[in-house]
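Observations on chain architecture
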There are 2 protein chains.
Amino acid sequence: MGTYQTGEGWDALGDPTRRAIVECLAERPRAVGELAELLPISRPAVSQHLKVLKDAGLVEDRAAGTRRVYRLNPAGVAALRDQLDTFWRRALDGFQDVVEEPNEEKS
Amino acid sequence: MGTYQTGEGWDALGDPTRRAIVECLAERPRAVGELAELLPISRPAVSQHLKVLKDAGLVEDRAAGTRRVYRLNPAGVAALRDQLDTFWRRALDGFQDVVEEPNEEKS
DNA sequence: TTCATTGGTAAGTCGTAGCTTACCGTTCGT
DNA sequence: ACGAACGGTAAGCTACGACTTACCAATGAA
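Predicted, not measured: the structure shown is a model, and the values here were computed from it.

Close to DNA strand C lie 22 residues, the nearest being Arg 18, Ser 42 and His 49 of chain A together with Ser 47 and Tyr 70 of chain B. The share of sugar and phosphate among atoms of DNA strand C within 4 Å of the protein is 63%. Within the contact set of DNA strand C, a phosphate oxygen lies 3.3 Å away from a side-chain nitrogen or oxygen of Asp 15 of chain A. Thr 17 of chain A is positioned such that a nitrogen or oxygen atom in its side chain is 3.2 Å from a phosphate oxygen of DNA strand C.

This paragraph deals with the interface of chain B and chain A. Across the contact, 36 residues belong to chain B and 36 residues belong to chain A. Between chain B and chain A the total buried area reaches about 3,500 Å² when both faces are included, carbon and sulfur atoms providing 65% of it. The interface formed by chain B and chain A holds 4 salt bridges in total. Residue Asp 85 of chain B is joined to Arg 81 of chain A by a salt bridge in which the shortest nitrogen-to-oxygen separation is 3.1 Å. Applying the counting rule to chain B against chain A returns 6 residue pairs in polar contact (both at pLDDT 80 or more). When residues of the side of chain B that touches chain A are traced back to their parent elements, those giving at least two are α1 (6-13), α2 (16-27), β2 (59-64), β3 (67-72) and α5 (74-97) of chain B. No other element matches α5 of chain B, which puts 13 residues into the side of chain B that touches chain A. Across the side of chain B that touches chain A, the residue classes tally to 19 nonpolar, 2 polar and 15 charged.

A separate point is the protein's contact with DNA strand D. The full set close to DNA strand D counts 22 residues, and Gly 33, Ser 47 and Tyr 70 of chain A together with Ser 42 and His 49 of chain B are the nearest of them. The share of sugar and phosphate among atoms of DNA strand D within 4 Å of the protein is 65%. Between Tyr 70 of chain A and DNA strand D, the recorded distance is 2.8 Å, taken from a side-chain N or O atom to a phosphate oxygen. Within the contact set of DNA strand D, a phosphate oxygen lies 2.6 Å away from a side-chain nitrogen or oxygen of Ser 42 of chain B. Listed by contribution, the elements that provide at least two residues to the surface near DNA strand D are α3 (32-38), α4 (43-55) and β3 (67-72) of chain A together with α2 and α4 (43-55) of chain B.

Parameters at a glance
Residues numbered from 1 in each chain as written. Chains lettered and ligands numbered in written order. Predicted model: local features only at pLDDT ≥ 70, side-chain atom pairs only at ≥ 80, totals over all residues. Heavy atoms only, no water. Near = heavy atom within 4 Å. Polar contact = N/O pair within 3.5 Å; in protein donor to acceptor, adjacent residues only side chain to side chain. Contact = heavy atoms within 4.5 Å. Buried area = accessible area lost by both parts, 1.4 Å probe. Salt bridge = Lys/Arg side-chain N within 4 Å of Asp/Glu carboxyl O. Helix = DSSP H or I, 4+ residues; strand = E, 2+ residues; numbered from the N terminus. Nonpolar A, V, L, I, M, F, W, Y, C, P; charged D, E, K, R; others polar.

Take a look at the structure:
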């Protein structure tokens, strides 16, 4: 958890295909070939996306015979959720307070 | 809220510079030129990023004289947070349940 | 009205992310 | 041991996104 840069997670979810993969894995764990069948891209492409997601700490993989089963990593997802939560609270803070901002702090 | 595709929000936050802008705006509302001073990019670049963020429903703008003050839109942030929450819950669901997946549903 | 300030838009360049095909390693079945 | 299935990696191509400079519109002050 502390190993991953949270920025990596956002970059990972910035791609529509990777979001689709995450949605598939949210349903249930899947093998690489399985994901490739569900998506309109080749299997190597799926592998590359999974690598990005894994580096970001959003998914985990498990060897099962010749297959490799991927599943969501709740901790990684939670990390992003927490950061988003922070933004949300700060936004609400500045919301009620700032109605007028006539003075500039320039120079 | 219903107007925006949630995917737009993820795409918007997929860029590091836009995440930096969001962080700045989470602190407090800012004008375009203000953001440009804080960031290592030109003012037009900031404008383009703000357009993306606005289309995604993550920020709102308000005219203040010749300036244009941008601030976070809590609703947009909350939308992403909810979606992330859904993924998180589903991930936990499949976590305890799936230990073995011997059968394939292929063909 | 005229000038200065602020910000959005247009046009163009450059880097990189995502995709493909081809190839190789690994694991299981016969 | 041999062959098939599955998946990761390499190399290369293409497209799109982020940034720049230049220009224009709008607002406020003199």
